[in-house]
Amino acid sequence: MVSNPVHGLPFLPGTSFKDPTKTAFHRSQTLGYRNGYAVVRRPTVGIGGERLQVNQLSPAELDELANKAPVLTYGQPKQAPPAEFIPAHVAFDKKVLKFDAYFQEDVPISSEEHYRIRQVKIYYYLEDDSISVMEPVVENSGIPQGKLIKRQRIAKNDVGDHYHWKDLNRGIDITMYGKTFRIVDYDHFTQVYLESQGIELNPPEKMALDPYTELRKQPPRKYVTPSDFDQLKQFLTFDKQVLRFYAIWDDTDSMFGECRTYIIHYYLMDDTVEIREVHERNDGRDPFPLLMNRQHMPKVLTENAKNFPQCVLEISDQEVLEWYTAKDFIVGKPLTILGRNFFIYDCDPFTRQFYKEKFGISDLPRIDVSKQEPPPVKQELPPYNGYGLIEDSAQNCFALIPKAPRKDVIKMLMNDNKVLRYLAALESPIPEDKDRRFIFSYFLATDMISIFEPPVRNSGIIGGKYLGRTRVIKPFSEAENPIYYGPSDFFIGAVIDVFGHRFIILDIDEYVLKYMESNAAQYSPEALSSIQNHVRKQEIPAPELENKQAKEEPGKQELEALIYTVQKQLKDYSCKDNIHEAFQAHDKEALGYVDRETFFKICESFNIPIDDSLVKELIRMCSHGEDRIDYYNFVRAFSN
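Keep in mind that what you see is a predicted model, and the values were worked out from it rather than measured.

Novice: How would you explain the overall build of the chain if you had to name every residue and give the values?
Specialist: Check the secondary structure of the chain and you find 17 helices and 25 strands. The buried share of the chain, taken over its 640 residues, is 29%. Restricting the contact set of the chain to residue pairs at least 6 apart, pairs at least 24 apart contribute 47%. Accessible area for the chain stands at about 45900 Å²; split by element, carbon and sulfur atoms hold 52% of it.

Written as structure tokens, this is what we have:
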């Protein structure tokens, strides 16, 4: 290999010299292996070890290196899979090019303008190459605006070609259906897209303005001489500006009257008033939107206008001294319109801002006109008449067709066929009633009581059912909240008042004992102690019991039962120690007896209810003869 190290000499025989430092003249390796795969490497040095430049290889050599494949060693290479096909309506979905343009329209019949500039938006849809032209709507223009050309593919020439996005650019004219549009600018997305496609973009242009529209934007003429009130100026200044007030009409004083809400509109453009009704759902009224049509409202009429036929003719300025203006509508003040008294309680934000700028009124708070509902009337039940249960009688006051009161079904199922039976005696001053005995049956499922009197031969009293199943109310309980007798009220020595008849429990059956043992928490300590004493007496042998009973004084059991009853009835009255000391002071010999006169004086000093039937019976049982009374047993009845 011969090189030419001298710069500038031609590569000709005699001008080239061999470099003795170069000994290797092979070509560099371009094929390597990495992880078992063949990898093509671009040569970095040439023949002789010279460093190659980046783009030294020719395009033909680069193509040869790229396309060369070891077919003999590795076989025919596989073709690369084709690229995935994406349709245009998917790739360009919702991608639209937007262009700002305008076109000029001649106006031949107007003396104020000769041509008109109309600004439009041109939309190019990339998914199907369709074009639409839209003209923004200008208020009060008088020109049909909106969609000028609906979305379609537009022909470019007579050959059949259509407009493409490559034909659209800034600073060009495009003719569609006889109208020439001048494109002046486009949005950011359109600019980025055209630049990505290699389109050379023209500089933007200014949008042409309509001369007549710019003339209308100039300030109006200023009159040097004073002029009258200009209604046209008021119309143009306050067009579409409406004051909105929220008012109520309270007509509750009249028959079948009610409080109704309305919306009052005051139009600033011509000082007219309109009253609209506010309908609520299911209010039962016909859906008329207006209570009063939009009109001028007279405030003060002339004297001659009192007989004016207002229902036939319209009121003119000759019959009216003063009309309603915006100053008359203030939040928080009443207002009389056509004989109806309206009260304005609120307005909208625009009205508040108008009153603040125009009249300097900045404080217009909302007034709460909602009426509080009266408290619910407490339903009072009539007094109980004594027939049936109170719950059953009360159902006639709740509904026209009374329903049976609810029952505790779970309690009825758990206590089905469970009955507590007691033996009782009638407490009566009649001697014939002392030997009568009654059987109380308490049904746990329904809390009802039945009384049965066993028949006794030759007693003169017909036995049998004394009281059917019913719930018995305790004495001294309120009629609205009655308290019924429960299982805890039945024990030996207890007094049961059944509709004015007093019964004393004398004995119980074995099932009651088992029930009280399993439900001891329901009973009071006095009830449990009475049952324990009863069980102890039954456990004493018969001879010993007879001897013990023989030794006891006659009527001892009745006295103990009566003392317990008085204790329970007068449980709030507790002054045993003081009474006992008073009696001991008069009993010098400590015999336990005092005379009747001293006894009653001490009872009156301590306010003891000696007129009570139970207290009278206790005094009778504690009396010994006509002059002495056993105060020891009497004092026991007043201790808890």
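Novice: Please give an account of helix α7 (residues 349-358) that cites residues and values.
Specialist: Of the positions making up α7, those classed as buried are Thr351, Phe354 and Tyr355. Buried positions in α7, seen along its axis, are confined to an arc of 95° and lie on one side of it. Residues Pro349 and Glu357 are exposed on α7 and point more than 90 degrees away from its buried face. Those residues of α7 that are buried are in contact with β9 (242-250) and β16 (340-347). Gly360 lies just past α7 and shows a positive phi near 75°.

Novice: Quick rundown of the environment of Tyr163? Include the residues and the values.
Specialist: Counting through the fold element by element, Tyr163 comes out in the loop between β6 (146-152) and β7 (172-176). The exposure class of Tyr163 is buried, given its relative accessible area of 12%. A polar atom in the side chain of Tyr163 sits 3.1 Å from the backbone oxygen of Thr175.

Novice: Quick rundown of the nonpolar core? Include the residues and the values.
Specialist: Core analysis: the biggest nonpolar cluster contains 30 residues, and Leu420, Tyr422, Phe440, Ile449, Phe490 and Val498 have the highest contact counts within it. Mapped onto this core, the elements with two or more residues apiece are β17 (419-427), β18 (437-443), β19 (448-453), β21 (495-498), β22 (501-508), α10 (510-518) and α11 (525-539). Aside from chain neighbours lying at most four places away, what touches Tyr422 is Phe438, Ile439, Phe440, Tyr442, Pro487, Phe490, Ile505, Asp507, Ile508 and Val512. Listed in part, the 25 residues of the second largest apolar core include Ala247, Tyr266, Ala326 and Ile330.

Novice: Can you tell me about a nonpolar patch on the surface, naming the residues and giving the values?
Specialist: Taken together, the side chains of Leu31, Tyr33, Val40 and Tyr74 present a nonpolar region at the surface, about 430 Å² in accessible area. Within the secondary structure, Leu31 is located in strand β1 (residues 31-34). The exposure class of Leu31 is partly exposed, given its relative accessible area of 33%.

Novice: Help me get a handle on the packing of aromatic side chains, residues and values and all.
Specialist: For the structure shown, the criterion picks out 20 aromatic pairs. Pairing Phe599 with Phe600 gives two aromatic rings, centres 5.6 Å apart and planes at 85°, and the pair type is edge-to-face. An aromatic cluster of three or more residues is present, and its members are Tyr422, Phe438, Phe440, Tyr442, Tyr466, Tyr485, Phe490 and Phe503. When the ring centre of Phe443 is taken as origin, the NZ or CZ atom of Arg469, which lies over that ring, is 3.7 Å away. In this structure, Arg471 is placed above the aromatic ring of Tyr484, and the distance from its NZ or CZ to the ring centre is 4.0 Å.

Novice: Give a description of the pattern of salt bridges that names residues and reports values.
Specialist: The tally for this structure, following the rule as stated, stands at 27 salt bridges. Arg260 is the salt-bridge partner of Glu277, the closest N and O atoms lying 3.6 Å from each other. Residue Glu277 is found in strand β11 (residues 272-277), and its partner Arg260 is found in strand β10 (residues 259-267); the two are separated by 17 residues along the sequence. What makes Glu277 buried here is its relative accessible area of 16%. Relative accessible area serves as the criterion here: at 18%, Arg260 is assigned to the buried category. Residue Glu427 pairs with Arg502 through a salt bridge whose shortest N-O separation is 2.7 Å.

Novice: Break down the sheet that holds strand β12 (residues 290-295) for me, with residues and values.
Specialist: An order of β12-β11-β10-β9-β16-β15 is seen for the 6 strands of this open sheet, with the pairing classed as antiparallel. At either end of the open sheet lies a strand with only one pairing partner, and these are β12 and β15 (334-337). The sheet shows a mean angle of 35° between the axes of neighbouring strands, taken without regard to direction. Two elements, β11 and β12, share 3 bridges in a ladder whose sense is antiparallel. By the bridge assignment, Val273 is partnered in β12 with Gln295.

The rules behind these values
- Residues numbered from 1 in each chain as written.
- Predicted model: local features only at pLDDT ≥ 70, side-chain atom pairs only at ≥ 80, totals over all residues.
- Heavy atoms only, no water.
- Helix = DSSP H or I, 4+ residues; strand = E, 2+ residues; numbered from the N terminus.
- Buried < 20%, exposed > 50% of the residue type's maximum accessible area, 1.4 Å probe, protein only.
- Contact = heavy atoms within 4.5 Å.
- Areas by Shrake-Rupley, 256 points an atom, 1.4 Å probe, with all protein chains shown as cover.
- Arc of directions from axis to C-beta.
- Polar contact = N/O pair within 3.5 Å; in protein donor to acceptor, adjacent residues only side chain to side chain.
- Core = buried A, V, L, I, M, F, W, Y, C linked by side-chain atoms within 4.5 Å.
- Patch = residues over 30% accessible without salt bridge, like charges linked within 9 Å, V, L, I, M, F, W, Y side chains within 5 Å.
- Salt bridge = Lys/Arg side-chain N within 4 Å of Asp/Glu carboxyl O.
- Phe/Tyr/Trp six-rings, centres within 6.5 Å; stacked < 30°, edge-to-face > 60°.
- Lys NZ or Arg CZ within 6 Å of the ring centre and 35° of its normal.
- Pairing = 2+ DSSP bridges.
- Axes fitted to C-alpha atoms, helices over the stretch in contact; angles between N-to-C directions.

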